[in-house]
Each structure stands twice: as structure tokens, then as C-alpha cells.
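Coordinate inspection notes
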Number of protein chains: 2
Amino acid sequence: MNKLDYFFNPKSIAVIGASRNPTKIGHVVFRNFLEGNFSGKLFPINPKTRELFNTKCYSSVLSVKEKIDLAIITVPAALVAKVLTDCGKKKIHAVIIITAGFKEIGNVKEEEKLKEILKKYKMRCIGVNCLGVYDPYSKVDTFFLPPYKLRRPFEGNISFISQSGALGSVVMDWMATKGYKISKFVSYGNATDVDESDLIEYLGNDEKTKVICAYFEGINKGRKFFEISKKVSKKKPIIALKGGTTEEGTKSVASHTGSLAGSTDVIHAAFKQAGVVLANDLEQIFDFARVLSTQPLPKGNRVQIITDGGGFGVLTTDWVVKNGLKLAKMKKENLDKIKKVSPPYVVLKNPIDLTGDTDTERYRVAIDAAIIDPNVDMIALIVLFQVPQLTTDVVDVISEAVRNSDKPIIIISAGGGYTEVLKKSLEENDVPCFSYPERAVESMRALYEYSKNNNKR
Amino acid sequence: MNKLDYFFNPKSIAVIGASRNPTKIGHVVFRNFLEGNFSGKLFPINPKTRELFNTKCYSSVLSVKEKIDLAIITVPAALVAKVLTDCGKKKIHAVIIITAGFKEIGNVKEEEKLKEILKKYKMRCIGVNCLGVYDPYSKVDTFFLPPYKLRRPFEGNISFISQSGALGSVVMDWMATKGYKISKFVSYGNATDVDESDLIEYLGNDEKTKVICAYFEGINKGRKFFEISKKVSKKKPIIALKGGTTEEGTKSVASHTGSLAGSTDVIHAAFKQAGVVLANDLEQIFDFARVLSTQPLPKGNRVQIITDGGGFGVLTTDWVVKNGLKLAKMKKENLDKIKKVSPPYVVLKNPIDLTGDTDTERYRVAIDAAIIDPNVDMIALIVLFQVPQLTTDVVDVISEAVRNSDKPIIIISAGGGYTEVLKKSLEENDVPCFSYPERAVESMRALYEYSKNNNKR
């Protein structure tokens, strides 16, 4: 068994520092487990009490008779070495140390001491200075924020790892709100033991994970990261955002997670070589994840744009060209199919402009024609639902087309409540929808690059 | 009186082509007026009926005895010249021609004929091939989409002009949903008479308009546009997005609004020289508009970042540098004020990291210190509301600070429902909030550039 499994699928957990005091992290973590649906055994550890929320409380993990798979440490920094040694003696395989106050504020020696203890007892550790793990399948949840302040996303196939705890928690809250679903979430802080490379390797083998997303500030061991990412990215996409891409940003990384950010150019080049898809900003991580987790890989970079609003067609054309993609040239025989069901002023070029009086049928024929056309690799489908003749059954037509298409289809659609409801139906059918042409096209570019880099044609 | 006033503040309106048939544009337009709160007189014009929705119907504007300020023409293209001539004879000053089917589909001569009629009778015209005008103050609303499909924004101080009707209507729907408020909205289509320059000049003198936003595909008369924009941008910001910035995009403009898009580089250079703030995408138009309509102009480009999450601080730092802004260096005496109320691990550099255990008081002191510091021109305030000790009164502290500050303050905050509610309170107090560092910092750059270009320091 891979020791990292204990972080995500433990049968028993000790919460060291569990407390009655609601301002303590140990209180929130223990309560989240009690009130959540974790099905394994729970052991609160606190030498000052014998009982906590009707659960027997132990003075140390050493007093627990049963086997403990995972220990979560929330005690003050000065006490961590002592309780960690106890965990070692108890032969616990995995510990999450949430406690901060080590390398990131200059206490390098104290963190080195923890490393020695981990090594001596062959324990694996996530942390220090982290939020730990959230796994919606096994209900392991060490995030010390109550659900009313921080929502948790449902079970899905996107995994996210973040060095920064605050950023990670915000992303999780935001994913839950947007309805994005998750496989595993790890905030690993100072990476005292388990680092980004270990996690990527693990998630690479995790059947529940289809796409790996990451926010890094620094890379712990460059060569290890490069080798592992290169291997994993052949199996599934790794999408990464790097904080500290400017000299000044790098400096502020030092006072944040205490890691060396390294030269940006070198790191970016290494990322690319390793097949990692680079995101430019936080939003893009999820733009890319949605497209890469739902759409087939394109065979080339020729995009056919279909629209019912000229302006959006123009903007999308601009972004296709700016992203180094090409405008597809559909065959006459396929354009003729659209011509047959359309009034004479419909524009049969690229973009195809079905114009503001389009109905669902015109869309159906145009989408089918583009899917079948050998000169088209990807379809950018602009749907402005506001136009008068377009009925809501266009949602079914699009969902059906996307389900059966071997080419990626990306939707661009903007508007108010009416539009949002229809887009939500599409999203629920795994059809990626975007409000803005640039975000949609950048995601198509990422999809194409991933496909190209990994020779998966 | 400026004749363009008749478009926005008419005392009487004729809807030519008003109809009982709900699939007709004239039906929707007339009904929107009937069901809206327009306080002036309404005259439906349709030779085929004597009465429409309990309103007397006229065969022609010439049969109306009273004065008509504005005519809205919705009849088929072949009939437009005839009814337009009637409008001229009736001495109507302003007409909106919604009807399409002219220059944009190659019918250049037909459009030229309309120009001659307009000239002969000295009428001003918005359109052809447009959605027309929406003015929430006077309740003029010629958008032929019912409110359930397309929401209308409330009264505010942002004006928007768009050549593209579909794009304009989507933007309007979207503004209403986001809660952005509007002064005037014009979709002017082929610009047969009134063009972007006329509208910018008019809105420049409009007291209800604080910021002018525009989506262009082409510029009608370069020199006129340049002269007018240069003059207006000294008074208020003009924010523009240009569709057709690539060769391919330009080609698709031709089949959309039939206007010449012109060389991108030349147009962009002219925009800049004229003091126009260029947006990179649709979302940025409103990012910029919100900041430029609510925040004071900065005296320089030195940004102080304040955060409670290290990762967001790092990303914001990166974007400050990438946007050519500078990191402020606050005076020791002001940093010391924050030191006094903070634990030792708070980072007093730039970014100032109040860390994840911050409370409202720490924010209050830090914001005040940055506002008072002579080395700070703008403040990027990151607030992750999820952190455990931060209470909701931080919203009042921020709103109060922004109200009294002579320096721009921009909020960056991301998360789920809890965060969104607090951000909404801030937005209602005219505090611009962003979810992503890059969008916030790009808006600060736009604010700085506008300030610099217009020598308004």
C-alpha cells in the first residue's frame, strides 16, 4: 500500500489538539469530522480532558489501543516535535501538521528537527503550515473553517493541490459555489515532507482524478518534479499556476511559504517541457480544467466559429488568431446543408453567422455540418439565447451534439438570468460554457497544446 | 436644443410598424412602451388597422395632428424610404430605424437613398440595422426583446454605445444581472447618420453620464472621431473595445456591419492619442468603468498591497509589476502603526500580509496607514473573508475608508456565498470589488493611465 493512501482513505484518525474551545483549530477540525460523514474511527487527543463531545479523549496517541492510520496535529508549534515523536512510536504512517510557525517565519532549525523525526519513524507528512486534505469521497476534511464560511465541493474528477492555504481555501469555496466537482484537495504548506511532486505522482495513479490542478510558489526539487510531471502528463493533464513570476513576486514568496521561487524563465520552460499546461491566472485553471476534463482532444488547430451575433463572431475570430489557432475552411458540400435551411443573408464563412433570427433547427444543421467536416478540428459555438426565434430546445440539440462529437465543442454565451439558467443545463451535461470569447478560445488553445505535446492524436 | 436630445428625451413617439402580431418587431417595441413607464405621448402607425391595444392607430405620421419628437421605424426594408419621407414632411427631428437589410448585405444604394432623405429634411437618425436606444431615466426603450429574455439595467452613470446590436443587447442583459447601472445605451448599427463620434460628443455633455463605454468594429470618420474623443476624454473617461483587431477579424467585420475596420495599429495609436482607454475584452470594459466611475484619480503609480492571504499577495505583486506599476515603499512610522496592533509574524513589507488570523482592527489600522502614507498612490486591498477571526464589520471599515480616501482603493476578494454577500455590500457602497488579482490590477493600470494621459494630477 502506498503510504499516501492513508491521507485520503484512513480507517482511523487521531486529532491531536482536539478541544472544547471553539476558537481552537483542533476544535473545528474535530467537530467537522464529528458532524461530517467520516465512517472510520475517531480518536481525540488532549491530555487536559477525558471526554469530548461524548467521545473518549486520550492523553496521547500512545494511550490508544487500536491502530491509527492518520494523525492530524493542531497543537502549538512548540509542542509539535513531542506529539510527532509519539506518532512515530505508535507507528502511525501518515500525519498532517496544520500548525504554522516554522521555516516560513525563520524557524528553520525547528522544521529540520521535525524532518529528522519523520525520517526516523518513516512517517509521511503533509504540512507544516497547511490546511491539509479534503476528500469528498472518504469525507476526510481537515480544513479548519466551518462550512458556513467555506463551502465544500461535491465528488468529481478534478484534483487541486496548493502550497498556499488561504488561496487553496478560497479556490475550494469558489469551486463549490460554481458547481465544479472535485476528487481530492491538498494544501501542503511548507512541504516539509510530501511535496508537489509526490502529490502529482500519487494523483497520476488515482483513478478518481482526471485532471490535476496546482498552484505553486516554488518547486522543491526541480529534477524530481520534471521527471514525475513528464510521466504523469502523458496520462492526464496537469494544469499549473505559478505565483512569483516576477522578481518582486518572488521576494514576497520568500516571506510567505519560505520556499525559493527560482528563475521564472527556467521554471516556465521546465513546465512546458514536462507537458504541464500553464495557466495565466486563477480563473484560467478552472477554464482549462473544465475543458480538459470533458472534451475529446482535437486532431489539429482549425476552429470553426458558429454564431447568431456578429459582434461575438468578430471578437472570437480575433482571439482565435491571437492564440495561434487557425480558422477552419469548411467544405462547400457541408456549408450547402446550412444554406438549405437558412435565409439568404446568413453568412456561410468563418464565422458562420446564423444571424439574430435563427431558430434551433438552423443551429442543429450548422453544428452537425461542422462536426462532419474533415477541415474542422474544434468548434467555437456562440449562442446568444436572447434572440427572438431561438427556443430553449437548442440546449438539448447542443448537449446531444457534444455527447456524440469526437471533436471538442466549446460554448460562448453571455447574458442575464435567462441565459444563466440555460447555460447551467448545458454545464450539467458536461458542455463547457464561457461568457467571454477570450476565455473560451484560450481554453481551446490549452486543449490543443496538451493534445500536441502529448502526441495523443 | 441639440437634436440628439429627441432620442433620449422625446415628449412624443411614433412607432411606425406597430402591430398586433406578436412576432413583429413593431409589436414588441410598441408593447414595451405601453407596458413601460414612458410618460410622453405614443402614436402607433399602421395603415392596416384603426386601433391597437386600445390606442388610436394612424395610417401615417402625416395623419397625426400633434407634434412628434421621435419616430421609431420597424417596417420592412422596402418600405423604409417611404415612411422616412413622411417623417421628413411631418418635420420629425429624430428617427430610429431598426430595420436591417441595407449596406450590411450589400444594398448600398438603398442606404444612400435614406441618407439623401435624412439630409433633405434635416432629420437625425440612429440605425439602420440597430436596436436603438435604452434610457432608464426617460424610459425610452426601443430594444425589441421582451424583458423576460433581456433584463434592463437601472438608472446610473455609465453609458454604453455599440455598433453591434446582439453584442449590445447581451451586454445590457449582463449589466442588469451584475447590478451595474446605466445612463444611456445606444446600439447604432450601420451608423447611416449618427455615428460613434456624434454619440461620444453628446454623452460628453450629458450630465448623467460619468463614463462612456463603447464597442466599435470600425470608425466612420477618423479625424472627427479623434478630435471629439480628445476633447471629451479630458472631461470624462472613454473606454473602448475594438472588434476586428486581427486581419481575419477585420474580414468578418465586413460581413457584419459592413464598415471598414481599418488598420489595427493605426486605430489603436489614434485611440491612445485621443485619451481613449482601451479594453482588451468585454469584461474589462466594465472592470474599468466601475473603477473609473467610483475612484479618485491617483497621483502616481505606486501600489501598496494589503492582504490576509500570502498567495493572493504574491499573485497581485506579479500583476502590479507586469502592468508597469510600482510597489510602494511605505514610511517606517506608518508601518509601525500596524506593528503595534499585530503579532510579530505579520509581514510589514509590500505586500503587507496581515496573515490568516487577522481581525477587523488590524485591517482598519493598515488601511489608514496606507492612505496617510505619502509614498502610496493606490491601494490593492485583498480581503479573504473566510479567515476565522475576521468579522463582517470589516465591510463598514472598508466602505468608510474608501468614502473618505483621496486615493483609489480596489478590493480583491474571492470565495463562495459568504464572500459574495459581503462583496455585494461593498459594491453597493461604490467600492469596486474583483475576484481575481489580474483584473483588479489591470483596472488600476487603466485608472493610472487615464490620470496620466489627461494631466489631471
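Residues numbered from 1 in each chain as written. Chains lettered and ligands numbered in written order. Predicted model: local features only at pLDDT ≥ 70, side-chain atom pairs only at ≥ 80, totals over all residues.

1. Considering the overall build of chain A
- The helix and strand tally for chain A stands at 16 helices and 21 strands.
- Here the C-alpha coordinates of chain A stretch approximately 80 × 45 × 40 Å along the principal axes.
- By the burial criterion, 58% of the 457 residues in chain A qualify as buried.
- In chain A, once contacts between residues fewer than 6 apart in sequence are set aside, the share between residues at least 24 apart is 75%. (Helix = DSSP H or I, 4+ residues; strand = E, 2+ residues; numbered from the N terminus. Buried ≥ 20, exposed ≤ 12 C-beta atoms within 10 Å, placed from the backbone. Contact = placed C-beta atoms within 7 Å.)

2. Description of the interface of chain A and chain B
- The partner chain B presents 61 residues to the 61 residues of chain A that form the contact.
- When contributions to the side of chain A that touches chain B are tallied by element, the ones reaching two or more residues are helix H5 (165–178), helix H8 (247–254), helix H10 (282–294), helix H11 (310–322) and helix H15 (417–428) of chain A.
- If you tally residues by element for the side of chain A that touches chain B, the top one is H11(A), at ten residues.

3. Remarks on the sheet that holds strand S7 (residues 124–127) of chain B
Residue and element names in this part refer to chain B.
- Taken together, five strands build an open sheet; the order of strands is S2-S1-S5-S6-S7 and the sheet is parallel. Of all strands in the sheet, those bounded by a partner on one side alone are strand S2 (41–45) and S7. Neighbour-to-neighbour, the strand axes of the sheet open up by a mean angle of 15°, direction not taken into account.
- Packed on one face of the sheet, helix H2 (residues 25–35) meets strand S1 (12–16), S2 and strand S5 (70–73) and runs near 155° to S1.
- Lying over the sheet, helix H3 (residues 77–89) contacts S1, S5 and strand S6 (94–97), oriented at roughly 175° with respect to S5. (Pairing = 2+ DSSP bridges. Axes fitted to C-alpha atoms, helices over the stretch in contact; angles between N-to-C directions.)

4. Observations regarding the sheet that holds strand S14 (residues 277–278) of chain B
Residues and elements named next belong to chain B.
- Strands sit in the order S9-S8-S11-S10-S12-S13-S14 across an open sheet of seven strands; the sheet is mixed. Every other strand in the sheet has two partners, leaving strand S9 (140–141) and S14 as the edge strands with one partner each.
- Here two bridges tie strand S8 (residues 132–135) to S9, and the two strands are oriented antiparallel to one another. Counted as the bridge partner of Tyr 134 is Asp 141 from S9.
- Docked against the sheet, helix H6 (residues 196–204) engages strand S10 (155–162), strand S11 (182–187), strand S12 (211–216) and strand S13 (238–242), running at close to 170° with respect to S12.

5. Concerning helix H2 (residues 25–35) of chain A
Residue and element names in this part refer to chain A.
- Burial analysis of H2 places eight of its eleven residues in the buried class, the great majority of the element.
- Residues of H2 that are buried include every one of Ile 25, Gly 26, His 27, Val 28, Val 29, Phe 30, Asn 32 and Phe 33, and no others.
- Against strand S1 (12–16), strand S2 (41–45), strand S5 (70–73) and strand S9 (140–141) lie the buried residues of H2.

6. Focus on the relation of the copies chain A and chain B
- Superposition record for chain A on chain B: RMSD 0.1 Å, screw rotation 180°, translation along axis 0.0 Å. Seen this way, the second copy is the image of the first under a two-fold rotation axis.
- When the interface residues of chain A are mapped onto chain B, 100% of them again fall at the interface, so both copies present the same face. (Least-squares fit on C-alpha atoms with pLDDT ≥ 70 in both.)

7. Remarks on the domain arrangement of chain A
- If you check the domain split of chain A, you get domain 1 (1–129), domain 2 (150–294) and domain 3 (296–453).
- Inter-centroid distance (C-alpha atoms) of domain 1 of chain A to domain 3 of chain A is 51 Å. (Domains from an automatic or database assignment.)

8. Thoughts on the confidence of the model for chain A
- Averaged over every residue, the pLDDT of chain A is 91; the share at 70 or more is 96%.
- Taken over the whole predicted complex, pTM reads 0.86, whereas the ipTM for its chain interfaces reads 0.81. (pLDDT = per-residue confidence, 0-100.)

9. Description of the pairing of S5(B)
Residue and element names in this part refer to chain B.
- Residues of S5 alternate between two faces, with Leu 70 and Ile 72 on one and Ala 71 and Ile 73 on the opposite face, all of them buried.
- Looking at chain direction, S1 and S5 are connected through four bridges and run parallel. Residue pairing for S5: Ile 13 is matched across the bridge by Leu 70.
- Here S5 pairs with S6 via four bridges, running parallel. Pairing of Leu 70 across the sheet is with Ala 94, part of S6.
- Following the chain from S5 across H3 to the adjacent parallel S6, one finds a crossover that is right-handed. (Right-handed = clockwise from strand over helix to strand, strands pointing away.)

10. Here we look at the packing of H11(A) against helix H16 (residues 437–453) of chain A
All names here are of chain A.
- Relative to each other, H11 and H16 sit at 35°, their axes nearing to 9 Å. With respect to the hand of their crossing, H11 and H16 are arranged in right-handed fashion. Where H11 approaches H16, its residues Phe 312, Leu 315, Thr 316, Trp 319 and Val 320 are matched on the opposing element by Pro 437, Glu 438 and Val 441.
- Per-class residue counts for the contact of H11 with H16 are six nonpolar, one polar and one charged. (Left-handed = near helix turned anticlockwise from the far one by under 90°. Nonpolar A, V, L, I, M, F, W, Y, C, P; charged D, E, K, R; others polar.)

11. Brief notes about the environment of B:Asp198
Residue and element names in this part refer to chain B.
- Here Asp 198 lies in helix H6.
- The class of Asp 198 is buried, set by 23 C-beta atoms lying within 10 Å.
- For the pair Asp 198 and Phe 225, spaced 27 residues apart in sequence, the C-alpha separation works out to 8.4 Å.

12. Some words on the nonpolar core
- Counting 312 residues, the largest nonpolar core has A:Ile73, A:Ala380, B:Ile73 and B:Ala380 as the members making the most contacts within it.
- When residues no more than four places from it in sequence are discounted, the contact partners of A:Ala380 are A:Val303, A:Ile305, A:Thr316, A:Ile410, A:Ile412, A:Ala440, A:Val441 and A:Met444. (Core = buried A, V, L, I, M, F, W, Y, C linked by C-beta atoms within 7 Å.)

13. Some details on the pairing of strand S8 (residues 132–135) of chain A
Residue and element names in this part refer to chain A.
- Here three bridges tie S8 to strand S11 (residues 182–187), and the two strands are oriented antiparallel to one another. In the sheet register, Tyr 134 faces S11, and the bridge partner there is Phe 185.
- Here S8 folds back onto S9, and the loop between the two strands holds four residues, one of which, Lys 139, carries a positive phi near 70°.

14. Notes on H3(B)
Residue and element names in this part refer to chain B.
- Taken residue by residue, H3 has Val 80, Val 83, Leu 84, Asp 86 and Cys 87 as its buried positions. All buried residues of H3 lie within an arc of 155° about the axis, which places them on one face of the element. Looking at H3, the residues exposed on the side facing more than 90 degrees away from the buried face are Ala 78, Lys 82 and Lys 89.
- Summarising the contacts, the buried residues of H3 are in contact with S1, S5, S6 and helix H4 (108–121).
- Once H3 ends, the next one or two residues include Lys 91, with phi positive near 60°. (Arc of directions from axis to C-beta.)

15. Some points on unusual backbone geometry
- The omega torsion of the bond from A:Gly127 to A:Val128 falls at -5°, within 30 degrees of zero and hence cis.
- Topologically, A:Val128 is positioned in the loop between strand S7 (124–127) and S8.
- At A:Lys122, a residue that is not glycine, the phi angle is positive and equals roughly 55°.
- Along the chain, A:Lys122 falls in the loop between helix H4 (108–120) and S7.
- In the Ramachandran plot, B:Thr355 falls in the positive-phi region, its phi being about 65° despite a non-glycine side chain.

16. Examining the environment of A:Thr355
All names here are of chain A.
- Among the structural elements, Thr 355 can be located in the loop between strand S18 (352–353) and helix H13 (360–372).
- Classification of Thr 355 as buried rests on a count of 21 C-beta atoms within 10 Å.
- Residues Thr 355 and Ile 238 lie 117 residues apart in sequence; the distance between their C-alpha atoms is 39 Å.
- Setting aside anything within four residues of it in sequence, one finds Thr 355 in contact with Asp 308, Tyr 345 and Val 346.

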